[in-house]
Amino acid sequence: ASDLALSAVDLFINEYYMEEEDESETPIPKRDYPFIQLSTEELTQFCGKYWEPDERYNREIKLINDTLVYYRSESSHTKLGPVGKNEFKMIGDRNDVSVFFETDKKNRSIMRLNINNERKVLFLKYDQEVKPEAFEGSYYSAELESYIHIISENEMLYAKLFKSNPIELEAVNQNMVRSSDRNISQIEFNRNRKGEITSLLVTNGGAVNVKYEKVSKEKNRQKS
């Protein structure tokens, strides 16, 4: 539907726009960076999955043939050359991209991209020690008059809403999970001072931070 709508718009406003330059014919500028040598152990510590919570997509850092790689997909990945203990440059990219591996104020491992010294992109590193059952429970939205049930089975995490099939979830950290399903891009959990989950915020392509309050087990039994 969106493609058809944009095609209709093109009929009226295309003449006001210049044709885009074919980037495939534009040579990628060569840059000489002061690369340093890092050991395999030093490089391996940065490997793992990373989640971009604003635009809601993930990337992976891999070690391939002793080289750190910014991995988008099997057909799209970029080598990273070390210029510091935790700073890398994307090799062969059209933009000047610096990649930093750091710890934020909340003591979370993050990956920060600095693109042409103009745009910054922040990624959260997946916490591999998160237990799926920690998120289990039923959550209710008074605004939507609907429930979301978070369940874990065989060390996998799922969300059940409406009458749809369970949606597979992947834990990013202790307070956030993600999904590739169109109904749920990410879920962020709120906790009280005791560390207990009290509510969650659902975000997808059409809505941001829709709040669901956690339902007590007693109320959940009464609902059933």
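Since the model is a prediction, treat every value here as computed from it, not as a measurement.

Q: Account for the sheet that holds strand β2 (residues 57–64), with residues named and values stated.
A: Taken in spatial order, the 8 strands close into a barrel running β1-β2-β3-β4-β5-β6-β7-β8, and their pairing is antiparallel. Sheet twist, expressed as the average angle between the axes of neighbouring strands with direction ignored, equals 30 degrees. Where strand β5 (residues 87–90) and strand β6 (residues 97–103) come together, 3 bridges link them in antiparallel fashion. Considered in β6, the bridge of F88 is made with V99.

Q: Would you mind going over the environment of L200 in detail, with residue names and values included?
A: Here L200 lies in strand β15 (residues 197–203). Sequence separation between L200 and F135 is 65 residues, and the spatial gap between their C-alpha atoms is 9.8 Å. Contact partners of L200, with chain neighbours within four places excluded, come to Y139, I150, I187, E188, F189, V210, K211 and Y212.

Q: Go over the pattern of salt bridges with me, naming the residues and quoting the values.
A: Taken as a whole, this structure holds 7 salt bridges when the rule is applied. Taking the shortest distance from any N to any O, the salt bridge between K49 and E170 comes out at 3.0 Å. One end of the pair, K49, is in strand β1 (residues 48–52); the other, E170, is in strand β12 (residues 167–173), and 121 residues separate them in sequence. E170 sits in the partly exposed class, given a relative accessible area of 23%. The salt bridge partner of E170 is R178, with a shortest N-O separation of 2.8 Å.

Q: Mind laying out the pairing of strand β14 (residues 186–191), listing which residues take part and the relevant values?
A: As paired strands, strand β13 (residues 176–178) and β14 are joined by 3 bridges and run antiparallel to one another. By the bridge assignment for β14, V177 is matched with I187. Alignment of β14 against β15, held across 6 bridges, turns out to be antiparallel. Looking at the pairing, N190 lines up with S199 of β15.

Q: Mind laying out the packing of aromatic side chains, listing which residues take part and the relevant values?
A: Applying the stated rule across the entire model yields 9 aromatic pairs. For the ring pair Y33 and F35, a centre distance of 5.8 Å and an interplane angle of 65 degrees mean the geometry is edge-to-face. On the basis of relative accessibility, which here comes to 39%, the residue F35 falls in the partly exposed class. A connected cluster of aromatic rings, assembled from ring pairs, spans F46, Y50, F88 and F101. The residue whose ring lies beneath K62 is Y71, and the NZ or CZ to ring-centre distance is 3.9 Å. In this arrangement the basic side chain of R112 is found over the ring face of F100, its NZ or CZ atom lying 4.3 Å from the centre.

Q: So what's going on with the layout of surface pockets? Residues and values would help.
A: Roughly 420 Å³ of internal volume is contained in the largest pocket. If you go around the largest pocket, you meet 18 residues; those closest to its centre are K106, R108, L124, N173 and M176. Of all elements in the fold, only β8 (119–125) and β14 reach the threshold of two or more residues within the lining of the largest pocket. Here the residues of the lining of the largest pocket sort into 6 nonpolar, 6 polar and 6 charged. The computed volume of the second largest pocket comes to approximately 270 Å³. Elements with a minimum of two residues in the lining of the second largest pocket: β2, β3 (67–73), β7 (109–115) and β8.

Q: So what's going on with the sheet that holds strand β10 (residues 146–153)? Residues and values would help.
A: With respect to topology, 8 strands assemble into a closed barrel ordered β9-β10-β11-β12-β13-β14-β15-β16, the strand pairing being antiparallel. If you compare each strand with its neighbour and ignore which way they point, the axes differ by 30 degrees on average. Here β15 runs beside strand β16 (residues 210–215); their pairing, made up of 4 bridges, is antiparallel. From the neighbouring strand, S199 faces β16, where its bridge partner is E213.

Reading the values: rules and limits
Residues numbered from 1 in each chain as written. Predicted model: local features only at pLDDT ≥ 70, side-chain atom pairs only at ≥ 80, totals over all residues. Heavy atoms only, no water. Pairing = 2+ DSSP bridges. Helix = DSSP H or I, 4+ residues; strand = E, 2+ residues; numbered from the N terminus. Axes fitted to C-alpha atoms, helices over the stretch in contact; angles between N-to-C directions. Contact = heavy atoms within 4.5 Å. Salt bridge = Lys/Arg side-chain N within 4 Å of Asp/Glu carboxyl O. Buried < 20%, exposed > 50% of the residue type's maximum accessible area, 1.4 Å probe, protein only. Phe/Tyr/Trp six-rings, centres within 6.5 Å; stacked < 30°, edge-to-face > 60°. Lys NZ or Arg CZ within 6 Å of the ring centre and 35° of its normal. 1 Å grid on protein atoms, 1.4 Å probe; cavity = no way out; pocket = protein on both sides within 12 Å on 5 of 7 lines; lining within 4 Å. Points joined across faces, edges and corners; volume = space filled by probe spheres on them. Nonpolar A, V, L, I, M, F, W, Y, C, P; charged D, E, K, R; others polar.

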